[in-house]
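Single-letter residue listing:
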Amino acid sequence: MRYGIKSVTMDDIARDLGMSKKTLYQFVNNKADLIQQIFKQHIQEEKSAMSSIVSNAENAIEEIIGIAKYILQLLRTMSPRTIYELRKYYRDIWELIEGMHQEHIYKVIKGNLDRGIGEGLYREDLNADIVSKLYVGKSSLVVDEDLFPLEDYTKEALFIEFIRYHIHGVASQRGLTLLDKYTIKK
């Protein structure tokens, strides 16, 4: 995640793990298999973290803020080169992982919207299904380097604006008041 994909060799990985490359290949078929396993595990860890955030949040606003903080931490540790190289050199893995990730994002956001509507923190007139799908589509734009070149925008700044845009679009007046309290508090 930190150094990109192409610059890290299987020799580097075996050395860092303190094993021979032959031993490493007992667990993975090739570098592509290793990358796929790593990203699948990453998504499982993300699902677990999101589940914990959801269950510990007092309300939908606190939940979405907690999710945003978690995603910001991930963005800080991931090299933009990693995403670029995954999309360019391992396209089939990128599409598989992106599909799994989008499905997961949809479920989390849909659950958050349903919760927020039920709590009166989000607008009653929201169509949670449509807004969740819009969120998924917009989240893909945040990593689109053609639209947002890295020399002009940081992933962190893009994501913060994205979350602000989302919350202000879905929150009721009561939700916005609560958001202000969280913003001041944190």
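Look up a bit, the structure's there.
Let me sum up the structure you'll find in this document. (Residues numbered from 1 in each chain as written. Predicted model: local features only at pLDDT ≥ 70, side-chain atom pairs only at ≥ 80, totals over all residues. Heavy atoms only, no water.)

**Here's the deal with the packing of aromatic side chains**
Next up, step 1: In the structure shown here, the tally under the stated rule is three aromatic pairs.
Next up, step 2: On the numbers, 5.1 Å between centres and 85 degrees between planes, the contact of F148 with Y153 is edge-to-face.
Next up, step 3: Exposure remark for Y153: the relative accessible area of 37% places this residue in the partly exposed category.
Next up, step 4: Through successive ring pairs, a cluster of aromatic residues spans Y135, F159 and F162.
Next up, step 5: Over the aromatic face of Y89 sits the side chain of K6, whose NZ or CZ is 4.4 Å from the ring centroid. (Phe/Tyr/Trp six-rings, centres within 6.5 Å; stacked < 30°, edge-to-face > 60°. Buried < 20%, exposed > 50% of the residue type's maximum accessible area, 1.4 Å probe, protein only. Lys NZ or Arg CZ within 6 Å of the ring centre and 35° of its normal.)

**Quick word on the nonpolar core**
Next up, step 1: Judged by nonpolar contacts, the single largest core of 35 residues is most densely connected at I61, L113, Y122, Y135, F159, I163 and I167.
Next up, step 2: Those elements giving two or more residues to this core turn out to be α3 (31-56), α4 (60-77), α6 (91-118), α7 (128-142), α8 (155-170) and α9 (173-185).
Next up, step 3: Ranked by size, the runner-up nonpolar core spans 12 residues in total, among them I35, M78, I93 and W94. (Core = buried A, V, L, I, M, F, W, Y, C linked by side-chain atoms within 4.5 Å. Helix = DSSP H or I, 4+ residues; strand = E, 2+ residues; numbered from the N terminus.)

**Concerning the pattern of salt bridges**
Next up, step 1: Within the structure shown, the criterion is met by 10 salt bridges.
Next up, step 2: Residues R164 and E161 are paired through a salt bridge, measuring 2.7 Å at the closest nitrogen-oxygen approach. Here E161 and R164 lie together in helix α8, a separation of three residues that amounts to about one turn.
Next up, step 3: Salt bridges linked by common partners bring E63, R115 and E119 together as one network. (Salt bridge = Lys/Arg side-chain N within 4 Å of Asp/Glu carboxyl O.)

**Observations regarding the layout of surface pockets**
Next up, step 1: One number sums up the size of the largest pocket: a volume of about 700 Å³.
Next up, step 2: Surrounding the largest pocket, 23 residues form its lining, M1, V8, I13, L34 and I38 being those nearest its centre.
Next up, step 3: Counting only elements with at least two residues in the lining of the largest pocket, the list comes to α1 (10-17) and α3.
Next up, step 4: When residues in the lining of the largest pocket are grouped by element, the largest group, nine residues, is from α3.
Next up, step 5: The space that makes up the second largest pocket amounts to roughly 420 Å³.
Next up, step 6: Surrounding the second largest pocket, 15 residues form its lining, I65, I163, R164, L179 and T183 being those nearest its centre.
Next up, step 7: Breaking the lining of the second largest pocket down by element, the ones donating at least two residues are α4, α8 and α9.
Next up, step 8: The greatest single-element share of the lining of the second largest pocket, amounting to six residues, is contributed by α8.
Next up, step 9: Residue classes in the lining of the second largest pocket are distributed as nine nonpolar, two polar and four charged. (1 Å grid on protein atoms, 1.4 Å probe; cavity = no way out; pocket = protein on both sides within 12 Å on 5 of 7 lines; lining within 4 Å. Points joined across faces, edges and corners; volume = space filled by probe spheres on them. Nonpolar A, V, L, I, M, F, W, Y, C, P; charged D, E, K, R; others polar.)

**Observations concerning the side chain of N112**
Next up, step 1: Inspection of the secondary structure assignment puts N112 in helix α6.
Next up, step 2: Among the residues examined, N112 registers a relative accessible area of 0% and is labelled buried.
Next up, step 3: Contact partners of N112, with chain neighbours within four places excluded, come to A60, E63, I64 and Y122. (Contact = heavy atoms within 4.5 Å.)

**Thoughts on the packing of α6 against α7**
Next up, step 1: Closest axis-to-axis distance for the α6/α7 pair is 9 Å, and the angle between their directions is 135 degrees. On the basis of the axis angle, α6 is oblique to α7. Seen from above, α6 lies across α7 with right-handed handedness. Residues E98, Q102, I105, Y106, I109, K110, L113 and D114 of α6 pack against A128, D129, V131, S132, K133, Y135, V136, S139 and S140 of α7. (Axes fitted to C-alpha atoms, helices over the stretch in contact; angles between N-to-C directions. Parallel < 35°, antiparallel > 145°, perpendicular 65-115°, else oblique. Left-handed = near helix turned anticlockwise from the far one by under 90°.)

**Focus: empty space enclosed by the protein**
Next up, step 1: Tallied over the full model, the rule gives one cavity of 30 Å³ or more.
Next up, step 2: By volume, the largest cavity is sized at about 570 Å³.
Next up, step 3: Around the largest cavity sit 28 residues that line it, and E46, I71, H101, I105 and V143 are the ones nearest its centre.
Next up, step 4: Elements with a minimum of two residues in the lining of the largest cavity: α3, α4, α5 (80-89), α6 and α7.
Next up, step 5: It is α6 that contributes the most residues to the lining of the largest cavity, nine residues altogether.

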